[in-house]
Amino acid sequence: MFDSGVGGLSVLRAFRQLAPNERVIYFADTAYFPYGPRPAPEVRKRAFAIIQRLLESDVKLVVVACNTASAAALPDLREAFGIPFVGMVPGVKPAASRSTSGRVAILATPGTLDGDLFARVIDNFGRGTRITTIAGSGLAELVEAGQAGTPGAREALRGLLGPEVQAGADTVVLGCTHYAFLQDDIRAEFPELSIVDTSEAVARRAMQVLDEGGLRAPLDQEGELDLIVSGDRAQFRAIMQQLGFEPAPVEAQQ
Ligand code: DGL
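Residues numbered from 1 in each chain as written. Predicted model: local features only at pLDDT ≥ 70, side-chain atom pairs only at ≥ 80, totals over all residues. Heavy atoms only, no water.

Q: An account of the pattern of salt bridges is requested, with residue identities and associated values reported.
A: Inspection of every chain in the model, using the stated rule, returns 12 salt bridges. Arg23 serves as the salt-bridge partner of Glu224, at 3.9 Å between the closest nitrogen and oxygen. On the criterion of sequence distance, the pair formed by Glu224 in strand S9 (residues 224-229) and Arg23 in strand S2 (residues 23-28) is long-range, its members being 201 residues apart. Residue class for Glu224 comes out partly exposed when judged on its relative accessible area of 38%. (Salt bridge = Lys/Arg side-chain N within 4 Å of Asp/Glu carboxyl O. Helix = DSSP H or I, 4+ residues; strand = E, 2+ residues; numbered from the N terminus. Buried < 20%, exposed > 50% of the residue type's maximum accessible area, 1.4 Å probe, protein only.)

As structure tokens, this is what we get:
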């Protein structure tokens, strides 16, 4: 699995619940965080470099636990490498069916909102729903800095989501894996708002792909987690623990 930082850990958590016996390598590309404002070719280049590294460890499946990297690179990765990929796209479909007001806010990075993948999903599933996209400026940065659950995080969410909620939106889609860690803040600020987070669905999809390929680990295998971090390892470990994850071995990598 990989992401620009701690965001994809939300997918990791869901996956480990389903498959505690699988061995997971999580690559946090914190030296290049944030991906959101970067041009797609830059993010694609990082994705390719990360996959090369993961393939050295003989991985059988890659979960692109990042909406921005999925938007920038997923089709190219699938074409270039002979292993299965599971990617992420904002959950427009579940949001459209869940909303009773017919008004949905999508919170994601600029890279995700600008991508073709997102345009296609809106086209396919967004008809009949009033969809407002909101670039979550600064939100992933707050999470990465360990500030989920702080008044600063709630203030940022108020500013970004408040106008849309006041205008009648009853559902918000978390279109960036970092935002999964802001769910308590969103609930505190907007108790009526329904939150669509796709991390569990992505974890289930990963299981399905493993099943279909006959790739599941033996049930008696002991699960393992290894971390590769391109930036500051101590900081990554600290935020990870703060988010409720057990410490795990961390390797450096550029
Ligand atoms: N977690 C990433 C995503 O799902 C993006 C965060 C960033 O901007 O690096 O889009």
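Once you've had a look at it, read on.
Q: If you had to explain the sheet that holds strand S7 (residues 171-175) to someone new, which residues and values would you point to?
A: Spatial strand order, S6-S5-S7-S8: 4 strands in an open sheet with parallel pairing. Each of the sheet's edge strands pairs with one partner strand only, and the pair in question is strand S6 (130-135) and strand S8 (194-197). The average undirected angle you get between the axes of adjacent strands in this sheet is 25 degrees. Sheet topology places S7 next to S8; 4 bridges connect them, and they run parallel. Residue Thr171 lies in a different strand from S8, and its bridge partner there is Ser194. (Pairing = 2+ DSSP bridges. Axes fitted to C-alpha atoms, helices over the stretch in contact; angles between N-to-C directions.)

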